[in-house]
Amino acid sequence: QKEVEQNSGPLSVPEGAIASLNCTYSDRVSQSFFWYRQYSGKSPELIMSIYSNGDKEDGRFTAQLNKASQYVSLLIRDSQPSDSATYLCAVFNTDKLIFGTGTRLQVFP
Amino acid sequence: EAGVVQSPRYKIIEKKQPVAFWCNPISGHNTLYWYLQNLGQGPELLIRYENEEAVDDSQLPKDRFSAERLKGVDSTLKIQPAELGDSAVYLCASSLVPGSNEQFFGPGTRLTVL
């Protein structure tokens, strides 16, 4: 079992819709959770962090964490074509950031 | 504020040749990371430095890879000799505090080994 699992996609959504990206992790002691956005040919960019159960909102982005289910998600409201990228889930565990393989999001006009 | 700087951005070499990558972290960031990212995968940690000390190099293939951060600022990652399977993007990241989970990445070096 991989430490951090994501569906590779692609996830295709129309412009203006809500994109929902999901991630599960295996180590229950993980404390910090992150979403990075990576455009093709570019480096990962930190867009959200979440540390406690519940929702955290930042603009059009909402991160959701459920530690009991070992599940973290990212919602993107009012999706735009410029949101088309790969979204990497990362889990901080014992001084190390573990990344998932990423979900490719495509937002079509 | 300048971000993490890496050079070169692209490198093409033949197998068995040596190659080196350079990274300058964000000013004031004492922790520096080198990651390897293969196509379609997430970044994987190679080595982490706290100032000039390598505190986690467990994933660094030490038979051919080496790294240094002599003055606790910029860092160099070297591969000698390079193999075909080393073709990947090499990312450098830095964070403000030791073991911080908020890491900021440089643009990466795309290595192609022929």
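Structure's up top.
First, a word on scope: everything that follows refers to the structure included in this document. Nothing here was measured: the structure is a model prediction, and the numbers come from that model.

**Quick word on the interface of chain B and chain A**
At step 1: Contacts between chain B and chain A engage 21 residues on the former and 18 residues on the latter.
At step 2: Taken together, both faces of the contact between chain B and chain A bury some 1,500 Å²; the carbon and sulfur share is 50%.
At step 3: For the interface between chain B and chain A, the tally reads 1 salt bridge.
At step 4: For the salt bridge of aspartate 56 of chain B with lysine 96 of chain A, the shortest nitrogen-to-oxygen distance reads 3.6 Å.
At step 5: Broken down by secondary-structure element, the contributors of at least two residues to the side of chain B that touches chain A are strand S4 (31-37) and strand S5 (44-50) of chain B.
At step 6: Looking at the side of chain B that touches chain A residue by residue, the class counts come to 6 nonpolar, 11 polar and 4 charged.

**Remarks on the state of the cysteines**
Residues and elements named next belong to chain A.
At step 1: For the coordinates displayed, the defined rule picks out 2 disulfides over all chains.
At step 2: One disulfide bridge connects cysteine 23 with cysteine 89, the sulfur atoms lying 2.1 Å from each other. On the sign convention where negative is left-handed, the bridge of cysteine 23 and cysteine 89, at about -70 degrees about the S-S bond, is left-handed. Linking cysteine 23 in strand S3 (residues 19-25) with cysteine 89 in strand S9 (residues 85-93), this pair joins segments that are 66 residues apart in sequence.

Rules behind the numbers
Residues numbered from 1 in each chain as written. Chains lettered and ligands numbered in written order. Predicted model: local features only at pLDDT ≥ 70, side-chain atom pairs only at ≥ 80, totals over all residues. Heavy atoms only, no water. Contact = heavy atoms within 4.5 Å. Buried area = accessible area lost by both parts, 1.4 Å probe. Salt bridge = Lys/Arg side-chain N within 4 Å of Asp/Glu carboxyl O. Helix = DSSP H or I, 4+ residues; strand = E, 2+ residues; numbered from the N terminus. Nonpolar A, V, L, I, M, F, W, Y, C, P; charged D, E, K, R; others polar. Disulfide = S-S within 2.5 Å.

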